[in-house]
Amino acid sequence: MNDRSNFDAVALKVVGTRPVRPDGADKVLGRANFGADLRLPGMLEGRVKRSPHAHARILHIDTDAARKLPGVKAVVTAADFPDLEDLVTHLGETATTLRDIGRNVIARDKVLYVGHAVAAVAATSVPIAEAALALIDVQYEVLPHVIDVEAAMASDAPLLHDDMFTKGVTPRPDKPSNVAQVHKLSRGDTAAAFADPATVQVTVQGRYVTAPVHQGYIEPHACVASAGSDGQHQLWVCTQGHFAVRTLCAQLMDIPVSDLRVTPSEIGGGFGAKTTVYLEPLALALSRQAGRPVRMVMSRAEVFEATGPTSAGVIEVRLGARMDGTLTAGELVLKFQAGAFAGAPVNQAGTCALAAYDVANVSVTGYDVVSNRPKATAYRAPGSPISAFAVESALDELAAKLGMDALELRLKNIARNGQQAVYGITFRDIGFAETLEAVRNHPHWKAPLPPNVGRGLACGYWFNFGGESSASVHLGEDGTAVVSSGSPDIGGSRASMAMMAAETLGLPIEKVRAIVSDTASIGYTFVTGGSRVTFATGMAVVQAAQKVVEDMKRRAAMLWDCDVSQVVWHDGAAHCTEASKDRPPLTLKDIAGKSAATGGPIGAEVSLNAQGYSPGFAVHVVDVEVDPETGRTTVLRYTAAQDVGKAIHPSYVEGQMQGGAAQGIGWALNEEYLYDSRGAQLNPGFLDYRMPVASDLPMIDTLMVESAPNLRHPFGAKGVGEAPIVPPLAAVANAVSRAVGRRLRELPLSPPRVLAAIQSPT
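The sections below set out a description of the structure shown in this document. (Residues numbered from 1 in each chain as written. Predicted model: local features only at pLDDT ≥ 70, side-chain atom pairs only at ≥ 80, totals over all residues. Heavy atoms only, no water.)

1. Quick word on the overall build of the protein chain
Inclusion rule: Only runs of H or I of at least four residues qualify as helices and only runs of E of at least two qualify as strands under DSSP, and these elements are numbered from the N terminus. The atom set for the radius of gyration is the C-alpha atoms, and the globule formula is 2.2 Å times the number of residues raised to the power 0.38. Whether a residue is buried, partly exposed or exposed follows from its accessible area with a 1.4 Å probe, protein chains only, as a fraction of its type maximum: under 20%, in between, or over 50%, in that order. Any two residues having at least one pair of non-hydrogen atoms within 4.5 Å are treated as being in contact. This count recognises Lys and Arg as positive and Asp and Glu as negative, with His and chain-terminal groups excluded. Charge positions come from single atoms, namely NZ of Lys, CZ of Arg, CG of Asp or CD of Glu.
Within the protein chain, the secondary structure is distributed over 21 helices and 28 strands. For the protein chain, whose C-alpha radius of gyration is 27 Å, the value lies close to the compact-globule estimate of 27 Å for 762 residues. Out of the 762 residues in the protein chain, the part that is buried amounts to 60%. Sequence separation of 24 or more characterises 79% of the internal contacts of the protein chain that already satisfy a separation of 6 or more. For the protein chain, the distance from the average site of its 69 positive side-chain charges to the average site of its 78 negative ones is 1 Å.

What follows is the structure in structure tokens.
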């Protein structure tokens with residue numbers, strides 16, 4: 001399948017339809033098993049001792065009293081884990097080092113944020129485990145701390161790591177600093193462009209600020225570990241990548257990968273943040289010491305205080321254009337908080353910042369900066385929403401300065417097929433122009449605005465990716481099929497895998513069941529993240545199903561005693577093309593039922609490293625009303641449009657678009673980490689960390705643009721999960737700025753901040 005006609009909805013019977021989600025009933029009825037639901041005989045309860053200080057040297061840890069408490073079966077500290085090498089490890093869309101992961105799981109010589117783990121216990125009950133934590137005596141030397149990203153970059157800032165010398169600069173610094181790395185990306189000559197009045201005839205510039213925000217998944221981190229006396233270890237986890245958990249835990253525990261089997265549970269949200277490990281190595285160490293299974297579950301406060309929010313950012317942007325609106329130059333400086341360890345998504349932010357536009361001269365400089373707060377982790381299109389907030393806000397200012405329509409300015413400058421992105425790829429099969437056109441023709445964009453209401457528009461880009469995936473397809477003797485993959489189902493991948501297999505096999509969707517296999521039952525599969533699964537794992541599923549079809553054609557030829565070249569497959573059956581022979585079709589059920597006579601069970605497995613992924617483009621429009629007396633913003637109307645390639649399951653695609661918009665609205669209006677003078681978070685819970693709920697939002701309309709299917713995928717699929725969270729920050733900020741009549745450049749746009757802007761004399 002490699003021509004556009006294969007994506008015609010008329011030719012497809014399953015792909016593009018909306019079957020009931022296979023996991024829906026069990027989740028609604030409470031029967032689905034999540035991370036904390038497993039119970040094993042003799043299981044212990046594990047708990048973690050965490051630092052009360054944002055930055056302190058660990059002088060001594062005394063665990064004797066805790067070990068003597070009746071019911072306590074194991075106590076571990078950093079001394080129970082091996083020293084690790086400084087090797088780079090990729091976790092979905094972000095990268096860090098194995099050494100840093102280990103030091104984040106449990107502190108070694110210093111604690112680097114409030115909530116940093118220093119010890120863990122396993123006991124026969126939760127109350128006993130918590131009592132044991134209180135008996136562990138940790139002596140600290142409290143050190144100065146730093147939270148703000150620009151303060152952390154100062155030469156006199158408290159230093160988190162004595163061995164951190166800034167990478168990416170020449171010559172190598174001779175003094176350590178909190179700037180882990182400097183990333184640079186450029187095209188053309190930006191300085192010359194801004195200096196040339198014929199090239200740059202109008203400029204806009206500004207400084208934009210975003211706060212750290214949490215992914216806000218409903219299910220906290222949880223796991224169950226069992227270390228057998230034979231050296232075999234098992235983990236049951238809620239994760240976006242159980243193979244990544246296996247790899248990391250094997251390295252952190254110094255055990256062979258073959259001795260660790262990891263089984264994923266259902267997952268109550270992840271959004272990129274469940275691609276690393278926190279509790280899992282601790283649970284394994286406790287289980288190994290105790291000789292019994294150990295369950296560990298974070299409290300909500302622990303989730304906020306000890307697991308990664310996304311980065312806070314300070315973005316300085318300058319755009320140059322001609323008077324006709326042609327963008328000619330863009331210059332960005334990005335300063336991102338990484339948290340306690342290096343690895344902020346600043347490189348991804350810089351890559352995406354102007355990728356959606358055709359700009360001849362671009363200069364991007366990004367700073368990856370450590371500070372005394374939890375290690376940053378991925379959050380849907382990590383980094384891109386932050387840089388898009390700055391760029392799309394600046395574009396809105398440019399449109400106003402030129403007297404142009406905001407949509408027309410973007411349409412004039414967008415990237416098109418055949419053009420090269422600033423980071424090197426050449427665009428193919430993209431429908432960005434068609435997406436903008438769809439918005440321009442939508443009733444929302446054309447609707448008149450009532451008084452005191454602002455309308456904002458913004459675009460978003462995410463590069464998507466493919467990567468390593470494995471899948472198998474096996475037929476039952478009754479003519480049904482089971483699809484197994486190594487991709488945890490975060491946003492409906494079991495449904496899409498089953499649908500693509502059903503389409504390929506010619507079966508109704510009711511005859512195909514999709515499951516997620518553990519690490520011992522399927523080949524290696526990279527994490528569920530980066531909008532890769534429907535594309536990459538889907539490709540493996542289709543190829544496995546195609547192998548099954550070829551095998552069934554061979555078996556049909558055997559049963560008919562004809563040449564396999566005379567057998568074709570369509571509508572779920574083998575058909576003989578030899579005109580001289582009257583052969584009634586053999587259905588999949590016919591062939592599967594006779595498999596013992598034609599060679600045995602029918603099945604195939606495919607492992608691949610999927611290439612040919614296509615980027616995602618999104619365009620969002622929002623109307624808001626701002627109360628001039630309180631500064632409260634009400635979202636009145638929201639429309640999200642996206643270049644989706646071919647929607648395998650349209651309902652899931654719409655859900656991804658609506659979910660990203662909802663999260664982005666919360667990021668724009670309410671969400672932020674608040675710290676006290678000690679560096680402790682003031683709002684580590686959903687009561688005080690204000691996320692939007694259903695009553696805060698209107699119905700989010702969706703526009704799925706399917707004009708440009710990805711011709712390198714069997715059914716034209718593109719990743720859709722990341723791009724929807726990129727535009728909302730800027731779209732909402734643009735709408736609020738228009739509503740109040742002045743530009744707001746710092747998020748969140750909380751009522752006090754908006755009211756201060758309204759009341760400000762300048």
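2. Some thoughts on helix 3 (residues 98-105)
Three or four residues apart is the spacing at which side chains of an α-helix point the same way, because the helix has 3.6 residues per turn. The element helix 3 is extensively covered by neighbouring structure, given that seven of its eight residues are classed as buried. Buried within helix 3 are the following residues: Leu98, Asp100, Ile101, Gly102, Arg103, Asn104 and Val105.

3. Things to note about the nonpolar core
Selection criterion: Working definition of a nonpolar core: buried Ala, Val, Leu, Ile, Met, Phe, Trp, Tyr and Cys residues. They are joined through side-chain atoms within 4.5 Å.
If you look at the biggest cluster of nonpolar residues, it comprises 118 residues, and the most contacted ones within it are Leu332, Tyr357, Leu398, Val736 and Leu749. The contact partners of Tyr357, leaving out residues within four places of it in the chain, are Arg187, Leu327, Glu392, Leu395, Arg410, Asn413, Ile414, Ala415 and Cys459. Core analysis: the second largest hydrophobic core is formed by 50 residues, Val473, Leu505, Cys576 and Ala610 among them.

4. Quick look at the sheet that holds strand 7 (residues 117-123)
As a reminder of what qualifies: Here, strands pair whenever DSSP counts at least two bridges between them. Axis lines are fitted through C-alpha atoms, for helices just across the contact stretch, and the angle between N-to-C directions can take any value from 0 to 180 degrees.
One open sheet holds the seven strands; their spatial order is 3-7-1-14-11-12-13, and the pairing between them is mixed. Since the sheet does not close on itself, it has two edges, and those belong to strand 3 (72-76) and strand 13 (260-264), each with one partner. Shown here is a sheet whose adjacent strand axes are inclined to one another by a mean of 20 degrees, direction ignored. Relative to strand 14 (residues 294-297), strand 11 (residues 222-227) runs antiparallel, the two being bridged by four bridges. Of the residues in strand 14, the one forming a bridge with Val224 is Arg295.

5. Describing the pairing of strand 17 (residues 361-370)
The buried count for strand 17 comes to eight of ten residues, which makes it a mostly enclosed element. The pairing of strand 9 (residues 179-187) with strand 17 spans eight bridges and is classified as antiparallel. Each residue of the ladder has a partner; that of Val182, found in strand 17, is Tyr367. Bridge analysis of strand 16 (residues 327-339) against strand 17 gives ten bridges, and the strand direction is parallel. Paired with Gln337 across the two strands is Val369, which belongs to strand 17.

6. Here we look at the packing of helix 3 against helix 7 (residues 242-253)
Stated precisely, the cut-off is as follows: Any angle that is under 35 degrees is reported as roughly parallel, and any over 145 degrees as roughly antiparallel; angles of 65 to 115 degrees are reported as roughly perpendicular and all others as oblique. Residue classes follow a fixed rule: Ala, Val, Leu, Ile, Met, Phe, Trp, Tyr, Cys and Pro count as nonpolar, while Asp, Glu, Lys and Arg count as charged, and any other residue, Gly among them, counts as polar.
Between helix 3 and helix 7, the shortest axis-to-axis distance is 11 Å and the interhelical angle comes to 80 degrees. Classified by the interaxial angle, the pair formed by helix 3 and helix 7 is roughly perpendicular. On the side of helix 3, the interface is formed by Leu98, Ile101, Gly102 and Val105, while helix 7 contributes Leu248, Gln251 and Leu252. Considering only residue class, the contact of helix 3 with helix 7 consists of five nonpolar, two polar and no charged.

7. Description of the side chain of Gln240
Mapping Gln240 onto the fold places it in the loop between strand 12 (233-237) and helix 7. Since its relative accessible area comes to 3%, Gln240 is described here as buried. If we ignore the near neighbours within four places in the chain, the residues touching Gln240 are Ile267, Gly270, Phe271, Gly272, Ala273, Lys274, Thr275, Pro488, Ile490, Val527, Thr528 and Gly529.

8. Quick notes on the pattern of salt bridges
Side chains that differ in sign of charge can pair as their charged atoms come close. Applicable threshold: For this analysis, a salt bridge means a side-chain nitrogen from Lys or Arg found within 4 Å of a carboxyl oxygen belonging to Asp or Glu.
Tallied over the full model, the rule gives 37 salt bridges. Linking Asp100 and Arg103 is a salt bridge whose minimum nitrogen-to-oxygen distance equals 2.6 Å. Linking Asp100 with Arg103, this pair stays in helix 3, spanning three residues, or about one helical turn. For the pair Asp100 and Arg103, a shared accessibility class is recorded, and that class is buried. The partner of Asp396 in a salt bridge is Arg738, with the nearest N and O atoms 3.2 Å apart. Here the residue Asp396 occupies a position in helix 11 (residues 384-402), and Arg738 occupies one in helix 20 (residues 728-740), the gap between them amounting to 342 residues. Overlapping salt bridges bring together Arg21, Asp23, Lys27, Glu266, Asp489 and Arg494 as one network.

9. A short note on helix 12 (residues 406-413)
Convention followed: We define a polar contact as two N or O atoms separated by no more than 3.5 Å, with the added condition that, inside protein, one atom must be a possible hydrogen donor and the other a possible acceptor, whereas residues neighbouring each other in sequence contribute only through side-chain atom pairs.
Burial within helix 12 is extensive, with six of its eight residues counted as buried. Among the residues of helix 12, Ala406, Leu407, Leu409, Arg410, Leu411 and Asn413 are the ones counted as buried. As for helix 12, its buried residues are in contact with strand 16, helix 11, helix 13 (432-440), helix 14 (443-446), strand 18 (453-462) and helix 20. With a side-chain oxygen lying 2.9 Å from the backbone nitrogen of Leu407, the N-terminal cap of helix 12 falls on Asp405.

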